[in-house]
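Listed below are the residues making up each chain.
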Amino acid sequence: MGSPDSDSQLDTNTKPVHFEHMSRTIVILFAAAAVVIAGACLYILMSDGNGSGHHDDDDPVDPDVRDMDLMMAVDGKAVEVQWEDNPSVAAIKKLARDGLTVAMERYGGFEQTGSIPSSVVKDDSWIEVGIGDIVLYRGVQICLYFDDNAYDFTRLGKISGMSDSEIRAMLDKPSVTAVFTLQR
């Protein structure tokens, strides 16, 4: 048996528990978990809920618009377009069912670009574009070209029935409004 004081003495070889350090670690772990959960929720909100990233109305087969012609007007002037036959154009047709107005701004000195109200199906690949080309950028913007460029786009169509100088005069300004409608 040791001295009466030996039972009440602390063992100097053990380290004290630092609750402050442990609580900081727990806070960091909870913060990281919150970021991961918030990111997952945002992904689900931006997709259709099943993680596919496509909305039900992106289905390009729609009997209501399949046999209708997509029309485009720029600043009130009807513009003839040779549209591609692809799912992206079909999705744009669905958006244009009740009239689709896209406010556009000149970008880079070679295009007018404007956002559409919802993302549509895309099939981007590296393409070169020129005067009169109409493309979809990242599934959310329509671009009308009045000069050359190259990037990952989905081709939508090409303006026809106008000279290069007429297309440039129509599009090479600070902003334009493009209206897409359907016609039988």
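Residues numbered from 1 in each chain as written. Predicted model: local features only at pLDDT ≥ 70, side-chain atom pairs only at ≥ 80, totals over all residues. Heavy atoms only, no water.

**A few points about the overall build of the protein chain**
Counting its regular elements, the protein chain contains three helices and 10 strands. Going from N to C terminus, the protein chain has its helices and strands arranged as α-β-β-β-α-β-β-β-β-β-β-α-β. Going through the 184 residues of the protein chain one by one, you find that 33% of them count as buried. If you take every contact in the protein chain between residues at least 6 apart in sequence, the share linking residues at least 24 apart comes to 64%. Within the structure as shown, the protein chain displays about 11,800 Å² of accessible surface, and the carbon and sulfur contribution to it stands at 55%. (Helix = DSSP H or I, 4+ residues; strand = E, 2+ residues; numbered from the N terminus. Buried < 20%, exposed > 50% of the residue type's maximum accessible area, 1.4 Å probe, protein only. Contact = heavy atoms within 4.5 Å. Areas by Shrake-Rupley, 256 points an atom, 1.4 Å probe, with all protein chains shown as cover.)

**A word on helix H3 (residues 164-171)**
Turning to H3, its buried residues number three or more, namely Ile-167, Met-170 and Leu-171. When H3 is viewed along its axis, its buried side chains cluster within an angular range of 85° and face the same direction. Facing away from the buried side of H3 by over 90 degrees, the exposed positions are Ser-165 and Ala-169. Tucked inside the fold, the buried residues of H3 contact strand S1 (69-74), strand S2 (77-79), strand S5 (111-115), strand S8 (141-145), strand S9 (149-159) and strand S10 (175-183). (Arc of directions from axis to C-beta.)

**Description of the pairing of S1**
When S1 meets S10, the two strands line up antiparallel, connected through six bridges. Note that in S10 the partner of Val-74 across the bridge is Ala-178. The turn linking S1 back onto S2 is made up of two residues, and Asp-75 within it adopts a positive phi angle of 50°. (Pairing = 2+ DSSP bridges.)

**With respect to the confidence of the model for the protein chain**
Overall, the predicted model of the protein chain reaches an average pLDDT of 82, with 68% of residues at or above 70. Throughout residues 44-61 the model reports pLDDT below 50, and contacts reaching past four residues in sequence, or to other chains, amount to 21 contacts. (pLDDT = per-residue confidence, 0-100.)

**Remarks on helix H2 (residues 87-95)**
Within H2, eight of the nine residues are buried, which leaves it mostly tucked inside the rest of the structure. Of all the residues in H2, the buried ones are Ser-88, Val-89, Ala-90, Ala-91, Ile-92, Lys-93, Lys-94 and Leu-95. Put simply, Asn-86 is the residue that caps the front of H2, since its side-chain oxygen is 3.0 Å from the backbone nitrogen of Ser-88. (Polar contact = N/O pair within 3.5 Å; in protein donor to acceptor, adjacent residues only side chain to side chain.)

**Notes on the pattern of salt bridges**
Per the counting criterion, the structure on display carries five salt bridges. Taking the shortest distance from any N to any O, the salt bridge between Asp-133 and Lys-158 comes out at 3.4 Å. You can see Asp-133 sitting in strand S7 (residues 133-137) and its partner Lys-158 sitting in strand S9, a full 25 residues away along the chain. Judged by relative accessible area, which is 7%, Asp-133 ranks as buried. Through salt bridges with shared partners, one network takes in Asp-133, Arg-155 and Lys-158. (Salt bridge = Lys/Arg side-chain N within 4 Å of Asp/Glu carboxyl O.)

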